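Listed below are the residues making up each chain.
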Amino acid sequence: MEREYFYTIDTRGNLIHDNSVIDDGEFIDYFYKRMKENDSESYNDYPYISLCGRELNYVQPIDTPIIFNRLIDGGLLYGNSL
């Protein structure tokens, strides 16, 4: 049985689930590394999905799924450390 969860990415790049901002850096990077376009027949209003084991994490960005939030040594970062 697969579990389904629904996330939002706000305009600051915060990953939000059930009105709570996720602050676990390792999970955020894991989530982003597995995110892809939602090519399933389900939840078309969520254009992205992150497959994490048996979990289907549907993602609806307010604007764009990748928000660069830091500039370190000339490189742009998103998520926690990507």
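Everything below is about the structure shown above.
Residues numbered from 1 in each chain as written. Predicted model: local features only at pLDDT ≥ 70, side-chain atom pairs only at ≥ 80, totals over all residues. Heavy atoms only, no water.

Caption draft 1: How the structure looks around the sheet that holds strand β6 (residues 55-61). Strand order in the open sheet made by the six strands is β3-β2-β1-β6-β5-β4, with mixed pairing throughout. Edge strands, defined here as strands with exactly one partner in the open sheet, are β3 (20-21) and β4 (35-37). Judged from the seven bridges that link them, strand β1 (residues 3-9) and β6 form a sheet pairing that is parallel. The residue bridging Y5 from the neighbouring strand is N57, located in β6. (Pairing = 2+ DSSP bridges. Helix = DSSP H or I, 4+ residues; strand = E, 2+ residues; numbered from the N terminus.)

Caption draft 2: Summary view of helix α1 (residues 25-33). What α1 keeps buried is the set G25, I28, D29, F31 and Y32. The buried residues of α1 occupy one face: seen down the axis, they fall within an arc of 160 degrees. Residues E26 and K33 are exposed on α1 and point more than 90 degrees away from its buried face. Turning to α1, the residues buried within the fold contact β1, β2 (15-17), β4, β5 (48-52) and β6. Capping the start of α1 is the job of one residue whose side-chain oxygen sits 3.1 Å from the backbone nitrogen of E26: D24. (Buried < 20%, exposed > 50% of the residue type's maximum accessible area, 1.4 Å probe, protein only. Arc of directions from axis to C-beta. Contact = heavy atoms within 4.5 Å. Polar contact = N/O pair within 3.5 Å; in protein donor to acceptor, adjacent residues only side chain to side chain.)

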